[in-house]
Amino acid sequence: MLEQFARLNAKTASFKSIGIAPLLDVTDLCGVLASLPDQHSWYIYAMIEQRRAYNMDLLHRYIQQLVLHEMRQRSFKSRIVTAYDFSYGVTKAALNAHFTPKGKCKTCNGLGFKVATQCPTCYGRGSQEHNWAEKVEYGFPMRKDLTRQWYKQSCSHYDQFVISVLAGIEVDLCEKLIRIKKQAKQFKRMESESLFDEL
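Residues numbered from 1 in each chain as written. Predicted model: local features only at pLDDT ≥ 70, side-chain atom pairs only at ≥ 80, totals over all residues. Heavy atoms only, no water.

Engineer: Teacher, can you tell me more about the environment of Leu-58 here?
Structural biologist: Tracing the backbone through its elements, the reader meets Leu-58 in helix α4 (residues 52-73). In this structure, the C-alpha to C-alpha distance between Leu-58 and Ala-46, residues twelve residues apart in sequence, is 9.8 Å. (Helix = DSSP H or I, 4+ residues; strand = E, 2+ residues; numbered from the N terminus.)

Engineer: How should I be thinking about the packing of aromatic side chains in this particular structure?
Structural biologist: Given two aromatic rings, their pairing is described by the distance between the two centres and the angle made by the two planes. Evaluation of the coordinates by the stated rule reveals nine aromatic pairs. An angle of 45 degrees between the planes, with centres 5.3 Å apart, marks the rings of Phe-76 and Tyr-158 as tilted. Of the two residues, Phe-76 sits in the loop between α4 and α5 (83-99) while Tyr-158 sits in helix α7 (residues 148-198), which places them 82 residues apart along the sequence. By relative accessible area, Tyr-158 is classed as buried at 0%. Both rings, one in Phe-86 and one in Trp-150, keep their centres 6.1 Å apart while their planes meet at 85 degrees; by these two values the pair is edge-to-face. (Phe/Tyr/Trp six-rings, centres within 6.5 Å; stacked < 30°, edge-to-face > 60°. Buried < 20%, exposed > 50% of the residue type's maximum accessible area, 1.4 Å probe, protein only.)

Engineer: It is not clear to me how helix α3 (residues 38-47) should be interpreted in this structure. Could you clarify?
Structural biologist: Given 3.6 residues to a turn, an α-helix orients residues that are three or four positions apart in the same direction. For α3, the buried fraction is high: seven of the ten residues fall into the buried class. Along α3, the positions that sit buried rather than exposed are Gln-39, His-40, Ser-41, Trp-42, Tyr-43, Ile-44 and Ala-46. Taken from the residues just after α3, Glu-49 is the one with a positive phi, measuring 60 degrees.

Engineer: Sorry, what's going on with the confidence of the model for the protein here?
Structural biologist: Should the pLDDT be low somewhere, the predicted coordinates at that spot are not to be read in detail. Averaged over all residues, the pLDDT of the protein is 82; the fraction at 70 or higher stands at 79%. At the level of individual helices and strands, the protein shows its lowest average pLDDT in helix α1 (residues 2-5), which scores 57, and its highest in α4, which scores 96. Here residues 17-23 is a poorly scored stretch, pLDDT under 50, and it has eleven contacts once near neighbours within four places are set aside; other chains count. (pLDDT = per-residue confidence, 0-100. Contact = heavy atoms within 4.5 Å.)

Engineer: Explanation requested: a positive patch on the surface in the structure shown.
Structural biologist: On the surface, Arg-179, Lys-182, Lys-185 and Arg-189 cluster together into a positively charged patch. Relative to the assigned elements, Lys-182 resides in helix α7. (Patch = residues over 30% accessible without salt bridge, like charges linked within 9 Å, V, L, I, M, F, W, Y side chains within 5 Å. Areas by Shrake-Rupley, 256 points an atom, 1.4 Å probe, with all protein chains shown as cover. Salt bridge = Lys/Arg side-chain N within 4 Å of Asp/Glu carboxyl O. Lys, Arg positive; Asp, Glu negative; His and termini not counted. Charge placed at Lys NZ, Arg CZ, Asp CG, Glu CD.)

Engineer: Quick question: what am I supposed to make of the nonpolar core here?
Structural biologist: Grouped burial of nonpolar side chains is what soluble globular proteins tend to show. Counting residues in hydrophobic clusters, the biggest one holds 38 residues, and the most contacted among them are Tyr-43, Leu-59, Ile-63, Phe-86, Trp-150, Tyr-151 and Leu-173. A total of twelve residues in this core trace back to one element, the largest contributor, which is α7. The contact partners of Trp-150, leaving out residues within four places of it in the chain, are Ser-78, Ile-80, Val-81, Phe-86, Phe-140 and Cys-155. (Core = buried A, V, L, I, M, F, W, Y, C linked by side-chain atoms within 4.5 Å.)

What follows is the structure in C-alpha cells.
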C-alpha cells in the first residue's frame, strides 16, 4: 500500500513498484484520500514523512479523543494518572511504537511470515515490538514512578485499542485502493476495446 502513496511525497515521487500491480496515478491517490475521513490522510502523510510532525499531531489528537471515549464507555479511571494524561500517554506510546519500529523481527527476519504462516513473534508485521518499559518511558517521560507492570495492567487494553484504530485505517485505505485499481483496469480494458473497434 505504501509504495502507492509514497509518490505523494516529492522525496519519493520516483518510487518504482517492485510488485506486479502498476502504480496508480497521483490524481487517483489524491482521490482515494479525499474520499475518506481526514484521519486517513494524516496517517498516510505521517507514514511517507510528508510534514510528519504536523500529521502525527493531528492523528494523535484524533485517537486520544477515541481513547477518552473508550475510557468513559468502560468507566475506567486511573488512580495515579489523570484521564487526560493517561489517554495522552497511551496514545503517544502506541503511535510511537507503530511509526518507529525498533527494527526487523529476529524470528522471521522482517518478512512477517515463516514457511507461509504468519510469524508468531511479530504477528506478520515484520518488526520488533516495543516492550512495556519503553512504552512507559516514551508515553509518560515525567513520571518515574510508573512501571512496566503498571503499563501492562492499566494501559494494555488502550494500547491495543490504538493499534486496532490504526489497523482499521490501513484496511480502509487498502480496500479503497483495490476498488480504484479495479476501476482503472476496467477503464483500460474498455479503452482498448474501443480502439480495436475503430480499427
